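Report on the structure
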Amino acid sequence: MRGADSTGGAMREGRPLCAVFVSGTGTDVGKTVFTAALLRALRLAGVAAQAVKPVQTGVPAGEEYDALQADAPVYTAAVADLPPVPGLAPAAVLRCFSLPASPHLAAAYDGKRLKAAELARDILKHWDGLNGAAELLLLEGAGGLCVPLNKREDMLDLMDALDLPVLLVSGNGLGALNHTLLSLAALRDKGLRLAALALIPTQPAAAGAPDEDEARILADNPRMLRARLAQAGCDAPVLELPRLARLDGAAWQRLAAELSPLAEELRRSVECPRGEAAADLVSRDHGAVWHPYASAVELPPLCAARRSHDNRIVLADGRELIDGMSSWWAAAHGYNHPRLLAALRSQAGRMPHVMFGGLTHAPAVELAERLLAHMPRGLERVFFADSGSVAVEVALKMALQYQQGRGETRRTRFLTPRGGYHGDTLGAMSVCDPVTGMHSLFAGLLPRQIFMERPSCRFDAPFDPASLDDARRALEQHGKEIAAVILEPVVQGAGGMWFYHPDYLRGLAELCRGAGTLLIFDEIATGFGRTGKFFAAEWAGVTPDILCCGKALTGGMLTLAATACTGDVAREICREGRVFMHGPTFMANALACAVAGAALDILDENRWQGQVAGLETAMRQGLEPCRQLPGVADVRVLGGIGVVEMEQAVNTAALQTCFVEQGVWIRPFNRLIYLMPPYPSPATDVARLCAAVEEALRRGAHRADA
Ligand SMILES: *Cc1c(COP(=O)(O)O)cnc(C)c1O
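In the annotation of an unreviewed UniProt entry, the chain is listed under the name Multifunctional fusion protein and assigned to Desulfovibrio porci. Quoted verbatim from the Subcellular location (unreviewed entry) field of UniProt, the annotation for the chain is "Cytoplasm".

Okay, structure coming up:
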């Protein structure tokens, strides 16, 4: 995990880096000559540019500016006759290794290890060290895009860490199409922008009559590549440069002239720094977009996010935040997980989606089988829905149709504890806490459900059987009208982040059985390891009649949810030829099912138990000091969930700002400041999240007048 040693950290002082990456489709395609010629073209266009080699291999340290195989002397030669830019050498080399090999191997040979984040930091340090003398850096990679830096990372990861546009140089000749198209696919998959593609013949133009076959290939390659780029909606120019046998002053001048339109283009891009673009995005958002639980008149504070990786969210202005939210329980394995991305891409290439009426596919079937294998024994059938709220609607409808199947047509209501949260569609909302769910706003529309006290016995206290009294009373009083009891097992999430005793669920299951009502577990938040068990139902050893899951199901990459029921429920619903009346358009979306399969693969590696236990330990320790602070009502931690409950509703906007200043992403609501970091978060990052909460409270950022 790149986590702890990433590029930005919190606020980066100084000017934002202005640079482009030059890479090739392989070694010896003319990258260095291209970089040098572009350096000259930029300088002629009045841009204070410098060519930088972050990693130079095949050159012993100390010889980087004069060795025959080194790139820096080529850069220097290209601008030798131009007036120097004050305070700015034409070339710089950041790391040098003597073995002429891939950087990972060359570094290992010298007893070193390369890391994308460290190289990115070197580049930023170099940029800052130039003290404004440079307007643009041309960063020339080593070899091609997938050249390894270490066991896990490639050159692409360095480009990704800095999120720079890429100039791709390709050798024009036989085989160029294959290498170039593969490189373009790799760039696209990484979400990097192609600034231009340059083709340079692999052979110098032969003296005498040109070979006709060769000429055909050379002319066709750029045509084909332009067509393919246009097809993919990419408007980057495809440049054709000559390969010159002798690199003298006239040659540099000729190449620079060919590159002058590109240099002009780059000069224009220098003039719009990123901070402004980020501010612009937020103001456009304020003109057109609505955010969750937000006003469209009094506009909420927003941060523009640009990229994500591991447990980090990178903002548009370059700041990088440690994520404490897993994007609302979902991104349990961190962001951009390579397994999830690979599953998404390969399924996208095969079949992104087909209707699920009358058709089926392997990603859905396999996912259903695997989910049932992980769920409490007795659940036998999976219905896929497109969001958690819809999965809850499906569960409620299943319960109603079940009771109808049994001839219990009076059972049309649901019993649920206060403090619950089940989603924002009407049916789901009707079983949310009536106060925090703002039922008064929708009084005419919402079905009136029956509410009981929230399970009062804390998770970490001895079980008090009296905590079941209200459930017993409600079932006695309303039993004949109740189709099902619905609740979140062990952890009530968005309704209050409340952890209660698993024995409550055992007692409740028994009461339900006695009263002829079904039991629905909403595991949309608790599922997939977050509480320390794969499903929270395992804490109680109870099998519900219906179980909903979602959120972390796809590891936070796509929206997908599932509602599973027992064979008995399925049979009653389908009595006498009846069918279950639900069918979302995007039911069992193949992309989402494939990604969910990969997320289960990650869980099946069984690292999550250790990771969640680590989060629990780190948060117990890190949040403990908050307990003593004024205004704090309770501090509690279970599995990967840490909660600081305040006595009063907090100032969400002021806290958000205070957290972002500290380089963390935490979004509190109501009286709750809570953490649920991605499982693989390094302990040092979890400590920083906890420290940020403590610091925010000490500063009083939670107060209404903050
Ligand atoms: C988030 C959540 C839902 C709703 O899921 P969406 O995907 O947001 O519709 C339902 N139940 C619980 C317990 C949740 O945490």
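**A closer look at the packing of aromatic side chains**
Under the criterion given, the structure shown has eight aromatic pairs. Centroid distance Phe534 to Trp608: 5.9 Å. Interplanar angle 80°. Geometry classified as edge-to-face. Remark: Trp608 occurs in helix 21 (residues 608–623) and Phe534 occurs in the loop between strand 17 (518–522) and helix 18 (537–540); sequence separation between them is 74 residues. Phe534 sits in the buried class, given a relative accessible area of 5%. Among the aromatic residues, those joined into a cluster by ring pairs are Phe528, Phe534, Phe535 and Trp608. Sitting over the ring of Trp498, Arg454 keeps its end group 3.9 Å from the ring centre.

**What to know about the site of the ligand**
Near the ligand you find Ser387, Gly388, Ser389, Tyr421, His422, Gly423, Glu488, Asp522, Ile524, Ala525 and Lys551, and these make up its full shell. Between the ligand and the protein, one listed contact pairs an oxygen atom with a side-chain N or O atom of Lys551 at 2.6 Å. When the free accessible area of the ligand is taken as 380 Å², the share hidden by the protein chains comes to 84%.

**Points about the environment of Arg152**
With respect to the helices and strands, Arg152 occurs in the loop between strand 4 (136–144) and helix 5 (155–162). Taking the relative accessible area as the measure of exposure, Arg152 reaches 53% and is therefore exposed. As for Arg152 and Lys115, which are separated by 37 residues in sequence, their C-alpha atoms are 9.1 Å apart.

**Here's the deal with the UniProt feature "binding site: substrate" (unreviewed entry) in the chain**
Within this structure's numbering, the places UniProt gives as "binding site: substrate" (unreviewed entry) are Thr57, Trp328, Tyr421, Lys551, Gly583 and Arg667. What stands out for the annotated residues spanning 611 residues is how far apart their C-alpha atoms range, the widest pair being 58.5 Å apart. Along the chain, the position of Thr57 falls in strand 2 (residues 49–57). Not counting chain neighbours up to four residues away, the residues in contact with Thr57 comprise Phe97, Leu99, Ala101, Pro103 and Ala106. Residue classification places Lys551 among the partly exposed residues on the basis of a relative accessible area of 29%.

**Here we look at the nonpolar core**
Considering soluble globular proteins, one finds that nonpolar side chains tend to be buried as a cluster. By size, the foremost hydrophobic cluster in this structure holds 130 residues, and its most contacted members are Phe384, Leu508, Ile520, Phe528, Val644, Ile673 and Val693. If you tally residues by element for this core, the top one is helix 14 (residues 388–405), at nine residues. The residues that make up this core include at least three from each of domain 2 (304–334 + 608–699) and domain 3 (376–589). Contact partners of Leu508, with chain neighbours within four places excluded, come to Met452, Leu468, Ala471, Val485, Leu487 and Leu519. Ranked by size, the runner-up nonpolar core spans 91 residues in total, among them Ala49, Phe97, Leu164 and Ala186.

Rules used in this analysis
Residues numbered from 1 in each chain as written. Predicted model: local features only at pLDDT ≥ 70, side-chain atom pairs only at ≥ 80, totals over all residues. Heavy atoms only, no water. UniProt positions renumbered as here; feature names shortened; annotations may be inferred. Phe/Tyr/Trp six-rings, centres within 6.5 Å; stacked < 30°, edge-to-face > 60°. Helix = DSSP H or I, 4+ residues; strand = E, 2+ residues; numbered from the N terminus. Buried < 20%, exposed > 50% of the residue type's maximum accessible area, 1.4 Å probe, protein only. Lys NZ or Arg CZ within 6 Å of the ring centre and 35° of its normal. Near = heavy atom within 4 Å. Polar contact = N/O pair within 3.5 Å; in protein donor to acceptor, adjacent residues only side chain to side chain. Areas by Shrake-Rupley, 256 points an atom, 1.4 Å probe, with all protein chains shown as cover. Contact = heavy atoms within 4.5 Å. Core = buried A, V, L, I, M, F, W, Y, C linked by side-chain atoms within 4.5 Å. Domains from an automatic or database assignment.

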